[in-house]
Amino acid sequence: MKDLIFEQCHRHFNDIVTIRRDIHQYPELGFDVHRTAGIAAEALQELGISVKTGIGRTGVIGDLEVPGASKRIALRADMDALPIQELTDVPYKSKIDGKAHLCGHDAHTAMLIGTARILSELQSNLKTHIRFVFQPSEEALPGGAPAMIADGALEDVDEIYGIHVFPLYTVGEYATCPGPMLAQSDTFQITLTGTGGHAAFPHLTVDPIVIGAQFVTAAQSIIARNVNPLDSAVVSITQLHGGDANLQNGLAGAAFNVIPPRVLIGGTVRTLQKTVQTRVQEQLESLLAGFANAHNATYTFDYQEGYPVTYNHEPCVTTAVDTARGLVGEDNLIFPVPPILGGEDFGYYSQKIPACFVMVGAGNEEKGIVNMCHHPQFDIDETCMVYGMALLVNLAMR
Ligand SMILES: [Zn+2]
Ligand SMILES: [Zn+2]
């Protein structure tokens, strides 16, 4: 069966490359994925699969019904691109300025279309109903997954699987792990307000820059002193603004003799467990309140919870690992891969039903394909789509 599946994947490969490159050239953002969703819906309809569009606003669901089957598994692809300028010089480069498929969701969509084609051909061998889930807006909060779930994407589904192309692993490799695999990724915004004034009369002001700097430094101790060393977490301050400079011009024209009335601070928190997430959030505000109170400043603390942890459940993990091992052998299976502190809205599905997420190696050092997702020169070795499809087809055929 393994040889038959690889043969099928190779036979569909050129068509799937064409679809991927077409989607790549016309990237769409967030929920605005009408063209891409249209390609997915049309491809499913051509196969005689029953299709629902407008799920989760612009998502697509296809159900391949198998007579006599009682179980249903879902295979998920995301369809959206990123608001980044692509800096590759590939012939299928994005034709739309400032938008590009630099996370590989074009390949995910194309692979799921290929998987549907192969499974339709092998339908007589299927033992479970298969649901194809094409979702919008993986990259942008609040994510497309909650909207898909609200519109019934997981209704009557027993298990769900998702894959992601990953250039840090070589084509022909798969990686996954049991339990938490991808982090909850939250953001926070802080306004710290003091009393501005003349820089030569600091005693008449409440200087939010000094207070903000103390907070930023102290926040670095949260991971070191409030999180169990055996747990994983990240606190990164990524925004720190004070004064009135026009940031595009550096500090040209800025007032160096004025203490500003407020500073803005922002950042991200990544965690793999809810208890750690709660602790970090509480400690951030506690430090902020402490410094603000000590210096007679006021603050606002706006903490936005992002996508939940992507959690891999049994028996899905064992199923995925056995399937991957059967396809590429033990040497090309990275298991258990250490969890990654990136976020994925696949986490929403994994909070609802048994799920497993698998990284599909997409890198090729000899071809110079080494840049990570979201890099302006990100690309995949398209051969990885054979492995992505082979895994999904095999998972569906158990
Ligand atoms: Zn991404
Ligand atoms: Zn992605």
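About the thresholds
Residues numbered from 1 in each chain as written. Chains lettered and ligands numbered in written order. Predicted model: local features only at pLDDT ≥ 70, side-chain atom pairs only at ≥ 80, totals over all residues. Heavy atoms only, no water. Donors = N, O, S within 2.8 Å, 3.2 Å for Na, K, Ca; no water. Tetrahedral: all angles 85-135°; square planar, octahedral: opposite > 155°, others 65-115°. Helix = DSSP H or I, 4+ residues; strand = E, 2+ residues; numbered from the N terminus. Salt bridge = Lys/Arg side-chain N within 4 Å of Asp/Glu carboxyl O. Core = buried A, V, L, I, M, F, W, Y, C linked by side-chain atoms within 4.5 Å. Buried < 20%, exposed > 50% of the residue type's maximum accessible area, 1.4 Å probe, protein only. Axes fitted to C-alpha atoms, helices over the stretch in contact; angles between N-to-C directions. Parallel < 35°, antiparallel > 145°, perpendicular 65-115°, else oblique. Left-handed = near helix turned anticlockwise from the far one by under 90°. Contact = heavy atoms within 4.5 Å. Nonpolar A, V, L, I, M, F, W, Y, C, P; charged D, E, K, R; others polar. Domains from an automatic or database assignment. Buried area = accessible area lost by both parts, 1.4 Å probe. Polar contact = N/O pair within 3.5 Å; in protein donor to acceptor, adjacent residues only side chain to side chain. Expected span 1.5 Å × (residues − 1). Bend = angle between axes of the 7 residues up to and from the residue. Pairing = 2+ DSSP bridges. Phe/Tyr/Trp six-rings, centres within 6.5 Å; stacked < 30°, edge-to-face > 60°. Lys NZ or Arg CZ within 6 Å of the ring centre and 35° of its normal. Arc of directions from axis to C-beta.

Asker: I tried to follow the coordination of the zinc ion (ligand 1) on my own but got confused; where do I start?
Answerer: Protein coordination of the zinc ion (ligand 1) is provided by Cys103 (SG), Glu139 (OE), Glu139 (OE) and His374 (NE2), with donor distances spanning 2.0 to 2.8 Å. The site at the zinc ion (ligand 1) holds four donor atoms, and with the angles between them running 51 to 147°, its shape is irregular. As a motif over one chain, the donors of the zinc ion (ligand 1) read C-x35-E-x234-H. Between the zinc ion (ligand 1) and the zinc ion (ligand 2), both coordinated by Cys103, there is a metal-metal distance of 3.2 Å. Here Cys103 is found in the loop between β3 (72–78) and α3 (105–121), whereas its partner His374 is found in the loop between β16 (355–363) and α10 (384–396), with 271 residues between them in sequence.

Asker: How should the pattern of salt bridges be read in this particular structure?
Answerer: A side chain of one charge can pair with a side chain of the opposite charge if their charged atoms are brought near each other. Per the counting criterion, the structure on display carries 18 salt bridges. Among the ionic contacts, a cluster of salt bridges with common partners joins Arg20, Arg21, Asp106, Asp379 and Glu382.

Asker: Explanation requested: the environment of Gly343 in the structure shown.
Answerer: Assignment of secondary structure puts Gly343 in the loop between β15 (333–334) and α9 (346–350). Once the C-alpha coordinates of Gly343 and Glu139 are considered, the two residues, 204 residues apart in sequence, prove to be 9.2 Å apart.

Asker: Would you take a moment to explain the nonpolar core for this structure?
Answerer: The tendency in soluble globular proteins is for nonpolar side chains to be buried as a group. Leu75, Leu119, Ile130, Phe132, Phe134, Tyr174 and Met385 are the most contacted members of the largest nonpolar core, which totals 71 residues. Broken down by element, this core gets its largest block of residues, 10 residues, from α10. Counting residues in each nonpolar core, the second largest holds 25 residues, with Leu192, Phe215, Ile222 and Val227 among its members.

Asker: Before we go on, may I ask you to explain the coordination of the zinc ion (ligand 2) in this structure?
Answerer: Tetrahedral coordination by four donors sets the ideal angle at the metal to 109.5 degrees; octahedral coordination by six donors sets it to 90 or 180 degrees. Those donors, Cys103 (SG), His105 (NE2) and His164 (NE2), are the protein atoms that reach the zinc ion (ligand 2), and they lie 2.1 to 2.4 Å from it. Read N to C, the donor residues that coordinate the zinc ion (ligand 2) are spaced as C-x1-H-x58-H.

Asker: Sorry, what's going on with the packing of helix α1 (residues 2–25) against α10 here?
Answerer: Any two packed helices are characterised by how steeply their axes cross, that is the angle between the axes, and by the distance between the axes. Running from amino to carboxyl end, α1 crosses α10 at an angle of 125°, the nearest separation of the two axes being 9 Å. When the axes of α1 and α10 are compared, the pair comes out oblique. Here α1 runs over α10; the crossing is right-handed. On α10, the residues touching Ile5, Phe6, Cys9, His10, Phe13, Ile16, Val17 and Arg20 of α1 are Met385, Val386, Tyr387, Met389, Ala390, Val393 and Asn394. Counted by class, the contact of α1 with α10 contains 12 nonpolar, two polar and one charged residues.

Asker: How should the domain arrangement of the protein chain be read in this particular structure?
Answerer: Interfaces are often sized by the accessible area lost when the parts come together. Along its sequence, the protein chain is organised into domain 1 (2–183 + 309–396) and domain 2 (184–304). Each of domain 1 and domain 2 has a C-alpha centre, and the two are 38 Å apart. If you look at the interface, domain 1 gives nine residues, while domain 2 gives nine residues. Between domain 1 and domain 2 lies a buried interface of about 660 Å² when both sides are counted; carbon and sulfur atoms form 71% of it. Its largest share of buried area at the contact with domain 2, domain 1 owes to Ala183, Val309 and Leu341, together 65% of the area lost on that side. Inspection of the domain 1/domain 2 interface yields one residue pair in polar contact (both at pLDDT 80 or more). When grouped by side-chain class, the residues that make up the side of domain 1 that touches domain 2 number seven nonpolar, two polar and no charged.

Asker: How do you make sense of α1 when you look at a structure like this?
Answerer: An α-helix turns once every 3.6 residues. As a result, residues three or four positions apart point the same way. With 24 residues, α1 extends 33 Å from end C-alpha to end C-alpha; this agrees with the ideal 34 Å at 1.5 Å per step. Of all the bends in α1, the greatest measures close to 50° and is centred on Phe13.

Asker: Is there a simple way to explain the sheet that holds strand β5 (residues 159–170) in this structure?
Answerer: Strands in a sheet are paired, the pairing made by backbone hydrogen bonds, and the direction either parallel or antiparallel. Pairing in this open sheet of eight strands is mixed, and the strands run β1-β2-β4-β3-β5-β16-β6-β15 from one edge to the other. With partners counted over all chains shown, the strands left at the sheet margins are β1 (50–55) and β15, one partner each. The pairing of strand β2 (residues 59–64) with strand β4 (residues 129–135) spans five bridges and is classified as antiparallel. Across the sheet, Val60 pairs through a bridge with Phe134, a residue of β4. Running over the sheet, helix α8 (residues 316–328) touches β5, β6 (174–175), β15 and β16 and is turned about 30° from β16. Across the sheet, α10 lies against β3, β4, β5, β6 and β16, angled at about 160° from β16, the strand it touches most.

Asker: Would you mind going over the packing of aromatic side chains with me for this structure?
Answerer: Any two aromatic rings considered together are summarised by their centre-to-centre distance and by the angle between their planes. The final tally for this structure, using the stated rule, is eight aromatic pairs. A ring pair is formed by Phe301 and Tyr303, whose centres lie 6.0 Å apart and whose planes are at 40°; its orientation type is tilted. Residue classification places Tyr303 among the buried residues on the basis of a relative accessible area of 12%. One aromatic cluster in this structure is built from Phe6, Tyr174 and Tyr387. Across the ring face of Phe31, the terminal group of Arg57 is positioned such that the distance to the ring centre comes to 4.0 Å.

Asker: Would you explain helix α2 (residues 34–46) in this entry?
Answerer: Between its first and last C-alpha atoms α2 spans 18 Å; for 13 residues at 1.5 Å apiece the expected length is 18 Å, and the two agree. If you check which residues of α2 are buried, you get Thr36, Ala37, Ala40, Ala41, Ala43 and Leu44. Viewed end-on, α2 has its buried residues packed into an arc of 160°, placing them on one side of the element. Turned more than 90 degrees away from the buried face of α2, the exposed residues are His34 and Glu46. Buried residues along α2 sit in contact with α1, β1, β2, α3 and β4. In the segment just after α2, Gly48 is the residue with positive phi, at about 80°.

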